[in-house]
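Analysis of the macromolecular model
For reference, the chains in residue letters:
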Amino acid sequence: AMQFFAPKLLAGHSILLTAGPTREAIDPVRYISNQSSGKMGFALAKAAADMGAEVTLVSGPVNLTTPVGVKRVDVISTQDMLEAVMRRVDSHDIFIGCAAVADYRVTEIANEKIKKSSTDMQLALVRNPDILATVASHNPRPFTLGFAAETQDVERYAKDKLVRKKLDMIAANDVSNPELGFNADNNALKVIWAKGQEDLPATDKQTLAIQLLGIVAERIAILKD
Ligand code: CTP
Ligand code: CA
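If you're wondering where the values come from, they're calculated on a predicted model, not measured in any experiment.

Here the UniProt feature "binding site: CTP" (unreviewed entry) sits at G97, C98, A99, D103, K113, P129, D130, I131, L132, F147, K161 and K165. Taking the farthest pair of C-alpha atoms as the criterion, the annotated set spanning 69 residues is dispersed, since that pair is 37.6 Å apart. Its place among the elements puts I131 in helix α3 (residues 131-136). On the basis of neighbour count, I131 is assigned to the buried category, with 24 C-beta atoms found within 10 Å. Those residues in contact with I131, other than ones at most four positions away along the chain, are T18, M81, L82, V85, G97 and V101. Among the secondary structure elements, K161 is positioned in helix α4 (residues 154-164). When near neighbours in sequence (up to four residues on either side) are disregarded, K161 contacts G146, A148 and I170.

What follows is the structure in structure tokens.
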């Protein structure tokens with residue numbers, strides 16, 4: 001009921017966002033992935049739609065219902081997610097990278113189920129492209145917000161990612177606390193941009209999404225002046 005009264009701070013804006021994990025196949029029955037539930041990204045998509053934005057949500061494999069008014073594109077692998085994002089980036093003015101993207105993929109996906117042998121095995125991995133950094137270096141670029149999942153030195157690593165990936169803003173979460181962040185219902189964020197920062201203390205992900213998008217709306221308004 002509260003969202004019904006949410007001010008339409010993002011009316012006239014179109015937001016592209018990524019959510020959930022990506023999944024990298026090893027063979028027809030196995031994969032590499034991570035613990036991301038997609039809850040934060042879906043909460044952001046719902047909040048953005050409630051705040052009047054047009055929303056496209058590019059989602060990895062998750063068990064969540066698409067929020068009302070949100071356009072959803074399902075992908076599995078990191079390369080699929082990159083392609084789905086870059087195909088749509090020019091028609092959106094805000095990008096939010098909330099997905100827990102697999103940093104590596106298997107060098108060569110086996111066509112048949114890999115059989116075990118009597119020896120140990122090694123899996124060769126190659127680096128995946130960085131979707132967020134690719135969007136941030138695209139021309140023209142949308143306002144680009146990234147996330148940083150850290151278990152230590154949260155502020156230092158987040159600031160490093162903000163600068164290295166040339167982002168407008170980064171939202172850092174400490175994933176060392178199992179009550180917050182990955183696959184949890186609550187989260188806390190340290191939001192950092194070039195000229196300031198704001199702490200959003202632990203609360204449910206839907207409330208946090210509204211607060212984070214409030215900061216985004218404010219920064220965009222300031223950039224326009
Ligand atoms: N990200 C991305 N594409 C990748 C890796 C990460 O778009 N291949 C995005 C995530 O969606 C997130 C941000 O980059 O918004 C930071 O992700 P994170 O895993 O914290 O940082 P990395 O740059 O991958 O560095 P590391 O995992 O080594 O900390
Ligand atoms: Ca990573």
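Our focus in this paragraph is the nonpolar core. Core analysis: the biggest nonpolar cluster contains 54 residues, and L17, L44, A45, A48, I170 and L213 have the highest contact counts within it. With eight residues, helix α1 (residues 39-50) is the largest single contributor of residues to this core. If sequence neighbours within four positions are ignored, L44 has contacts with L17, I96, C98, A209 and L213.

Turning next to the sheet that holds strand β11 (residues 186-193). Taken together, the eight strands give an open sheet; going across it, the order is β5-β4-β1-β6-β9-β10-β11-β12, and neighbouring strands pair in mixed fashion. This sheet does not close on itself; its edge strands, each paired only once, are β5 (70-74) and β12 (196-204). The average undirected angle you get between the axes of adjacent strands in this sheet is 15 degrees. Here strand β6 (residues 94-97) pairs with strand β9 (residues 143-150) via four bridges, running parallel. Residue F95 lies in a different strand from β9, and its bridge partner there is T144. Relative to the sheet, helix α5 (residues 205-224) contacts β6, β9, β10 (169-174), β11 and β12, its axis offset from that of β12 by approximately 160 degrees.

What follows deals with the pairing of β11. Looking at chain direction, β10 and β11 are connected through four bridges and run antiparallel. Each bridged residue has a counterpart across the sheet, and for A172 the counterpart in β11 is K190. By the bridge criterion, seven bridges tie β11 to β12 in an arrangement that is antiparallel. Residue K190 lies in a different strand from β12, and its bridge partner there is D199. Connecting β11 to the next strand, β12, in antiparallel fashion are two residues.

Moving on, we get to α1. Within an α-helix, residues lying three or four positions from one another point in the same direction, as the helix has 3.6 residues per turn. Along its 12 residues, α1 runs 16 Å from first to last C-alpha, staying within 8% of the 16 Å computed at 1.5 Å per residue. The element α1 is extensively covered by neighbouring structure, given that 12 of its 12 residues are classed as buried. By the burial criterion, the buried members of α1 are K39, M40, G41, F42, A43, L44, A45, K46, A47, A48, A49 and D50. Looking at the residues trailing α1, positive phi occurs at G52, about 95 degrees.

Our focus in this paragraph is unusual backbone geometry. For the peptide bond that leads from N139 to P140, omega is 0 degrees, which places it in the cis range. On the secondary structure map, P140 appears in the loop between α3 and β9. Phi is positive for D153, which is not a glycine, with a value near 45 degrees. Tracing the sequence through the fold places D153 in the loop between β9 and α4. The phi dihedral of K166 falls on the positive side, at around 55 degrees, and the residue is not glycine. Relative to the elements of secondary structure, K166 occurs in the loop between α4 and β10. The class of K166 is partly exposed, set by 14 C-beta atoms lying within 10 Å.

What counts, and at which threshold
Residues numbered from 1 in each chain as written. Chains lettered and ligands numbered in written order. Predicted model: local features only at pLDDT ≥ 70, side-chain atom pairs only at ≥ 80, totals over all residues. UniProt positions renumbered as here; feature names shortened; annotations may be inferred. Helix = DSSP H or I, 4+ residues; strand = E, 2+ residues; numbered from the N terminus. Buried ≥ 20, exposed ≤ 12 C-beta atoms within 10 Å, placed from the backbone. Contact = placed C-beta atoms within 7 Å. Core = buried A, V, L, I, M, F, W, Y, C linked by C-beta atoms within 7 Å. Pairing = 2+ DSSP bridges. Axes fitted to C-alpha atoms, helices over the stretch in contact; angles between N-to-C directions. Expected span 1.5 Å × (residues − 1).

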